[in-house]
Amino acid sequence: MGPRTRKPVKLMVVCVIALVHLIPAASVWGETFFQQAANAQKTGDIHAVIRLYTQAVEHDQLGPSDLCTAYKKRGEAFNNTGAYADAYSDYTRAIKLDPDDIDAYHGRGEVLWIMGESDDAIIDFHRIIALDSKDAAAYNMRGMAWMDKGAVDSAIADFNQALKLDKKLVFAHANRSFAWSVKGQHAKAAADFKHIGKRASKLAGLYQKHGFAMLGKRQYDRAITAFSRSITLTPNHYYGFRSRGLAWTDKGQYDKALADFNQAIKFRPDDAYAFRCRSVAWSGKGKSYKAFVDLTRSIQLNPNRVMPHYLRGNISLDRGDNDSAIADYSRVIKIKESWVMAYYDRGIAWERSGYYDKAIDDYNRVVELSADDAQLYVNRGVAWKAKQEYDKALDDCVLALAKHSEFSAVFDLRGAVHFEREKFAEAAVALDRYVALAPERPAGALWRYIARTRAGQAQAGKELAGYVSKHVKDKSIWPGTVFEMFAGRIEPAQCLKSAEPAKPDLSGAKLTRGEKVWRQAAYEKLRGEQLCKTYFYMAQYELIAGRTDKVRQLLQKCLATNRIRLDEYTAAKAELKRMGTKGK
């Protein structure tokens, strides 16, 4: 099970002799299961071991002693598969059958420590020591639990006692070395570390298990400590670095994560999972191109894993490369047909590409698989709106509100639908609710102002000024300039000029050709979106002012940006249709 000198509990180190000794003690009925489990263990088929011991305990034909053994053995198997809660339950059942079973306490204590339940682990190791004061492994494991609590002196005392009882217990030397390091006594730490030898990997594995349990509980510092100890024990093994990189990533310290993933890849350049992990750290730093490259490498190494395709599809979707996103999401669905999010996100990509029927088909598939998300119905409603099937879009708003009555996106969609139908008063009502729920989104206030003004509602200007005073920090940059235009303080031409984003810096010597292409594409995407919106707002400004001669031209410029996913685009298209001009 871990660093012990008595009967080892871990399945991978249980002696065959011990199993042979168990078989005569079993009932005649139970011999088959015990022998088959022993054979499965020899071949490393842990799941078969679990299945066989489960059959044994469920048939209720074992005596108390053999039943206790079966629970212990199944607990060991659960421990090895990472099913710690199940392992804990089985060890507890064994202890109820035999309250003095030292091996069961050892197993449960180790599982408790792995799960971070150090106080309860200490209680189990206390019990072992009370039953056998010469159990060196119990002192060693209790010391590990003390270390996990930060009680370094208590830990050292237990490691000292473990080594007094068993001078060859290398695990205690390793653990005491860590404790000395924490206290800053590096000479003593180095002296202990010399004793570790070839058995370091076994203790490293135990720290790995502890680290992942802590990662699951979002106790990142404890996870990092555990993984760091694993790395100290096995410094030339990629697994510890990859694991610690995951903890740094979850903690948001991406530079440290990248350093660890780089080291892991250095040791294992064929590890597809390490590239995938590093891509997440690159994404955290906003380096989507490098994340894309790593995901592509991960896919090259293992093309049949769904997550790299899905993550790469997300990057493509975010950057507006809908065709690439659709290709990756389709690959995910081919590998795993029930992957809900692939349908969901492919639906977004279809909709953004103008394939509204395909988008609706994918959203319908998501409804079949999992109909619990308000955003899903909003997305489908957007596709219906783009097809100008407004009643169906409003029906989806109702379904979304049934899932989440305060979901701001519903009111945004409802407002846009009513606006396109020229029902400006109803649009203003929906948009008023949208602004109340999402005041940080300036587009809501702009659309509300336009809808109120076109509905002839006198409070529109005062309401807009109130919003600006609270939420628009800089009126000299876009979209603050749009508010300034509607307030009459700047000319539309100035507003349009402000919509031009700064050009990307492509001069960096370290920039790859791919990075330059991506930076340029990101600039073009942002520029197109801001110009699309600005032309629409300028058209509304002219329309409100009664200068209709400029409106058609501005709406056509809005459509010329080809930003079909934007509400401003679809509203401009509907506006031109009403004006008798065929929209793009």
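Residues numbered from 1 in each chain as written. Predicted model: local features only at pLDDT ≥ 70, side-chain atom pairs only at ≥ 80, totals over all residues. Heavy atoms only, no water.

### Here's the deal with the packing of aromatic side chains
Phase 1: By the definition in use, this model includes 19 aromatic pairs.
Phase 2: Between Tyr 310 and Tyr 329 the ring centres are 5.8 Å apart and the planes differ by 50°, which places this aromatic pair in the tilted class. With Tyr 310 in helix H18 (residues 306-318) and Tyr 329 in helix H19 (residues 322-335), the pair connects residues that are 19 residues apart, well separated along the chain.
Phase 3: By relative accessible area, which is 0% here, Tyr 329 ends up buried.
Phase 4: Aromatic pair Phe 419 and Trp 447: ring centres 5.0 Å apart, planes at 70°, arrangement edge-to-face. Placement of Phe 419 in helix H24 (residues 408-420) and of Trp 447 in helix H26 (residues 442-454) is noted, with a sequence separation of 28 residues between them. Each of the two residues, Phe 419 as well as Trp 447, counts as buried.
Phase 5: The residue whose ring lies beneath Lys 188 is Trp 180, and the NZ or CZ to ring-centre distance is 4.5 Å.
Phase 6: The ring of Tyr 355 carries Lys 358 above its face, with NZ or CZ at 5.4 Å from the centroid. (Phe/Tyr/Trp six-rings, centres within 6.5 Å; stacked < 30°, edge-to-face > 60°. Helix = DSSP H or I, 4+ residues; strand = E, 2+ residues; numbered from the N terminus. Buried < 20%, exposed > 50% of the residue type's maximum accessible area, 1.4 Å probe, protein only. Lys NZ or Arg CZ within 6 Å of the ring centre and 35° of its normal.)

### A word on the pattern of salt bridges
Phase 1: According to the stated counting rule, one finds 43 salt bridges in the structure shown.
Phase 2: Linking Asp 90 and Arg 93 is a salt bridge whose minimum nitrogen-to-oxygen distance equals 2.8 Å. Here Asp 90 pairs with Arg 93, and both are found in helix H5 (residues 84-97), just three residues apart, close to one helical turn.
Phase 3: The class for Arg 93 is partly exposed, based on a relative accessible area of 38%. (Salt bridge = Lys/Arg side-chain N within 4 Å of Asp/Glu carboxyl O.)

### Some thoughts on the confidence of the model for the protein
Phase 1: On average, residues of the protein score 91 in pLDDT, and 94% of them reach the 70 mark or higher.
Phase 2: Below pLDDT 50 for its whole length, residues 1-30 participates in 76 contacts with residues either more than four positions away or in separate chains. (pLDDT = per-residue confidence, 0-100. Contact = heavy atoms within 4.5 Å.)

### With respect to the state of the cysteines
Phase 1: Following the criterion strictly, the structure yields zero disulfides and no others.
Phase 2: Cys 558 carries a free sulfur, and the closest cysteine sulfur to it, the one in Cys 532, is 3.5 Å from it. (Disulfide = S-S within 2.5 Å.)

### Here we look at the layout of surface pockets
Phase 1: In this structure, the largest pocket occupies an estimated 710 Å³ of space.
Phase 2: Residue lining of the largest pocket: 24 residues in total, with Val 382, Asp 412, Tyr 434, Arg 565 and Asp 567 positioned closest to the centre.
Phase 3: Contributing elements (two or more residues each) for the lining of the largest pocket: helix H20 (340-352), helix H22 (374-386), H24, helix H25 (424-437), H26 and helix H32 (567-578).
Phase 4: The biggest single contributor to the lining of the largest pocket is H22, with five residues.
Phase 5: Each residue belonging to the lining of the largest pocket can be placed in one class, and the counts come to twelve nonpolar, three polar and nine charged. (1 Å grid on protein atoms, 1.4 Å probe; cavity = no way out; pocket = protein on both sides within 12 Å on 5 of 7 lines; lining within 4 Å. Points joined across faces, edges and corners; volume = space filled by probe spheres on them. Nonpolar A, V, L, I, M, F, W, Y, C, P; charged D, E, K, R; others polar.)

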